[in-house]
Amino acid sequence: MTKQPICPISRAQSPFFLGVDVGGTNIKIGLLDDAGATLAFQSIITDEPAGPGQAVQRIANTCRELCSTVALELAAIRRVGLGTPGTMCLKRGLLLQPPNLPNWFNFPIQQALADATGRPVTFVNDANAAAFGEYWIGTGADFESLAMLTLGTGVGGGIISEGHMINGSNSFGSESGHIIVDCRPDARLCVWGGGRGHLEAYASASAVAAIATERLKAGAVSSLQARLREEGSVSAKHVHEAALAHDSFALSIIDETAYYLGIGVATTVHTTDPGMVVLGGAMDFGGRNCAVGQRFLRGIVEEFKNRTFSNVFSGTQIDFATLGGDAGYIGAAGLARQACHHDNSSSTVMNAPLALDRN
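The structure presented is a predicted model; accordingly, all values stated were derived computationally and were not measured. (Residues numbered from 1 in each chain as written. Predicted model: local features only at pLDDT ≥ 70, side-chain atom pairs only at ≥ 80, totals over all residues. Heavy atoms only, no water.)

## Concerning the nonpolar core
In a soluble, globular protein the nonpolar side chains are often hidden away together inside.
Working step 1: If you look at the biggest cluster of nonpolar residues, it comprises 49 residues, and the most contacted ones within it are L199, L224, V239, L261, V265 and F296.
Working step 2: Ranked by residues supplied to this core, first place goes to helix α8 (residues 248-272) with 12 residues.
Working step 3: Contact partners of F296, with chain neighbours within four places excluded, come to L151, I254, T257, A258, L261, M283, D284, F285 and F320. (Core = buried A, V, L, I, M, F, W, Y, C linked by side-chain atoms within 4.5 Å. Buried < 20%, exposed > 50% of the residue type's maximum accessible area, 1.4 Å probe, protein only. Helix = DSSP H or I, 4+ residues; strand = E, 2+ residues; numbered from the N terminus. Contact = heavy atoms within 4.5 Å.)

## Some points on the sheet that holds strand β10 (residues 164-165)
Working step 1: Across the sheet, which stays open at both edges, the 5 strands sit in the order β10-β9-β8-β11-β12 with mixed pairing between neighbours. Two strands lie at the open edges of the sheet, namely β10 and β12 (317-320), each paired on one side alone.
Working step 2: Relative to strand β9 (residues 155-161), strand β8 (residues 146-151) runs antiparallel, the two sharing 6 bridges. When the bridges of β9 are listed, L151 appears paired with V155.
Working step 3: Here α8 sits on the sheet and contacts β8, β9, β11 (276-280) and β12; the angle it forms with β8, its principal contact strand, is near 150°. (Pairing = 2+ DSSP bridges. Axes fitted to C-alpha atoms, helices over the stretch in contact; angles between N-to-C directions.)

## Quick word on the packing of aromatic side chains
The geometry of two aromatic rings is summed up by the distance between their centres and the angle between their planes.
Working step 1: As enumerated under the stated definition, the model contains 7 aromatic pairs in all.
Working step 2: Relative to Y329, the ring of F41 lies with its centre 5.0 Å away and its plane at 40°, an arrangement referred to as tilted. Highlighted residues: F41 in strand β3 (residues 38-45) and Y329 in helix α11 (residues 327-342), separated in sequence by 288 residues.
Working step 3: Residue classification places Y329 among the buried residues on the basis of a relative accessible area of 0%.
Working step 4: Aromatic rings pair up to connect F132, Y135 and W136 into one cluster. (Phe/Tyr/Trp six-rings, centres within 6.5 Å; stacked < 30°, edge-to-face > 60°.)

## Focus: the packing of α8 against helix α9 (residues 291-307)
Working step 1: Following both chains from N to C, one finds α8 and α9 inclined at 45°, their axes separated by 7 Å at the closest point. On the basis of the axis angle, α8 is oblique to α9. The element α8 and its partner α9 pack so that their crossing is right-handed.
Working step 2: Looking at the contact of α8 with α9 residue by residue, the classes come out as 13 nonpolar, 4 polar and 4 charged. (Parallel < 35°, antiparallel > 145°, perpendicular 65-115°, else oblique. Left-handed = near helix turned anticlockwise from the far one by under 90°. Nonpolar A, V, L, I, M, F, W, Y, C, P; charged D, E, K, R; others polar.)

If you want it as structure tokens, here you go:
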């Protein structure tokens, strides 16, 4: 269920857009107006093993259902925004080899959804979609540039530089989760691509779980030992729960995660100088409203300060995301809106980066 307030159609500002955020487990679909207000929302299961064709049909059916709840026809939707995990080819509208969608490889998802809905589709990486959601109506709404790190099973990234989304020549732009933070030959391997020393290998929920489990098995003293004996492993959520109870081992794991994220933030900022860095995703250790989350953020900020220049540090804000799990569908709809505003053609392929605005 979306956390966004549902705006009645009587107060909505036309035109209207649909945003689709595809994940390995669920697909979030929202109907938005021109100001970014959510008019209707539904989450459906991905059912990844059944393949992308059936998922596209269910997405299209859900889009029709959402429109009908506010007495709109699907034909009234100006454009659909579609965010999916990579790898992908944005210019051709293809999913290539997304690690968490193994039965969806080499699928022309952009054209398939355009055919199923009868509407033009803007295709984007899911982390870039989330970044645009925060840029449009979230934490970064007052900034012209923004870098976002999404902390979940892996680490995603999205970067908007002076109004331009960085998609890259290989549709791999903004993937800050794969920057190198450990150059040792025995550095940890990242969750999806197997890359050695990547940020994702040290600062994702999977990495937190793996590191904590390894050290507990090696004899680390912690209340989590009981969990390890019961289940054979621990999760990032378990680490957070133990940290809330002042478990020193759990707190050390969170501090170490913040250290590597600080390195990742410094590298990203030194490349793009966005002025605003947003931390999103499910692994925020409680976020700004939790003492552990505040400690986590302070650790990231302190490490960034240690590795950057004083004027860069003073000119850069780092904060948690505002939109939570809604950022993806909101950002996908927002990018569809921008494509519509910049190009009134019915093309379903976004061939060049757009200069983005919020108006």
